[in-house]
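Coordinate analysis (summary)
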Amino acid sequence: MTGAGRVAFAAAAAVAVIGAVVAGLIVLGPPREQRARRLDDRRLDDLREIAGAVDLHWTRDGRLVASLEEVKMELRPSSDRDPETGEPYVYEPLGADRYRLCATFSGATPTEAYRPRSEFWTHGAGRHCFELEAKKIER
């Protein structure tokens, strides 16, 4: 390859790399947005885990927990707290078998994340609460 050929090849390779980076940022979003989405996904995972622990308690004792402290042993360490702020999630009993779980989300649920059985867990940006009914876990 001649000197001019090498320069042309290097320039083409540089353009391809830059194009790939730009395309990645367009498709995936900037790293800050990706981090925010991962944190929101973690928040939803935590809330689902809390709901499962509340359901387990409901199945065993036939009553809602008064606070998340009663089910803390059923949860992964720190899954009762926001992964970014460390603040506890909000749990509020609403009646004999209904309760509310609240978290503050960085962004709205992306539309591509809608799946059957998960629509309930869709949310906007900011504080969002989910009202749930305790369910008996069938074995």
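Note that this is a predicted model, so its numbers are computed, not measured.

With respect to the nonpolar core
Counting residues in each nonpolar core, the largest one holds 22 residues, and the members touching the most others are Leu47, Ile50, Tyr91, Tyr99 and Leu101. Of all the secondary-structure elements, those providing two or more residues to this core are helix 2 (31–61), strand 2 (98–105) and strand 3 (126–133). Ignoring sequence-local partners within four residues, the contact set of Ile50 consists of Leu68, Leu75, Ser79, Asp80, Tyr89 and Leu101.

A word on the layout of surface pockets
Of the pockets and cavities examined, the second largest pocket occupies roughly 160 Å³. Considering the residues around the second largest pocket, the lining is formed by Arg43, Asp82, Glu84, Thr85, Glu87, Pro88, Tyr89, Val90, Cys102, Ala103, Thr104 and Arg127. Looking at the lining of the second largest pocket element by element, the count peaks at three residues for strand 2. In terms of residue class, the lining of the second largest pocket is built from five nonpolar, two polar and five charged.

A word on the pattern of salt bridges
Applying the stated criterion to the full structure yields 14 salt bridges. Salt-bridge contacts for Glu70 lead to Arg63; the nearest nitrogen and oxygen are separated by 2.8 Å. A residue is classified by how much of its surface remains accessible, and Glu70, at 35% relative accessible area, is partly exposed. Arg63 sits in the partly exposed class, given a relative accessible area of 40%. A salt bridge links Glu133 to Arg98; the shortest N-O distance between them is 3.6 Å. Of this pair, Glu133 sits in strand 3 while Arg98 sits in strand 2, placing them 35 residues apart in sequence. Owing to a relative accessible area of 33%, Arg98 belongs among the partly exposed residues under this scheme.

Section: the sheet that holds strand 1 (residues 90–93)
By way of backbone hydrogen bonds, the strands of a sheet pair with one another, either parallel or antiparallel. On the basis of which strands lie adjacent, the open sheet formed by three strands has the order 1-2-3 and antiparallel pairing. If you trace the sheet from one side to the other, it starts and ends with strand 1 and strand 3, each paired once. When strand polarity is set aside, the average angle formed by the axes of neighbouring strands in this sheet is 20 degrees. The sheet contact formed by strand 2 and strand 3 spans eight bridges and is antiparallel. Each residue of the ladder has a partner; that of Thr104, found in strand 3, is Arg127.

Conventions and cut-offs
- Residues numbered from 1 in each chain as written.
- Predicted model: local features only at pLDDT ≥ 70, side-chain atom pairs only at ≥ 80, totals over all residues.
- Heavy atoms only, no water.
- Core = buried A, V, L, I, M, F, W, Y, C linked by side-chain atoms within 4.5 Å.
- Buried < 20%, exposed > 50% of the residue type's maximum accessible area, 1.4 Å probe, protein only.
- Helix = DSSP H or I, 4+ residues; strand = E, 2+ residues; numbered from the N terminus.
- Contact = heavy atoms within 4.5 Å.
- 1 Å grid on protein atoms, 1.4 Å probe; cavity = no way out; pocket = protein on both sides within 12 Å on 5 of 7 lines; lining within 4 Å.
- Points joined across faces, edges and corners; volume = space filled by probe spheres on them.
- Nonpolar A, V, L, I, M, F, W, Y, C, P; charged D, E, K, R; others polar.
- Salt bridge = Lys/Arg side-chain N within 4 Å of Asp/Glu carboxyl O.
- Pairing = 2+ DSSP bridges.
- Axes fitted to C-alpha atoms, helices over the stretch in contact; angles between N-to-C directions.

Honestly, it's all geometry; don't read function into it.
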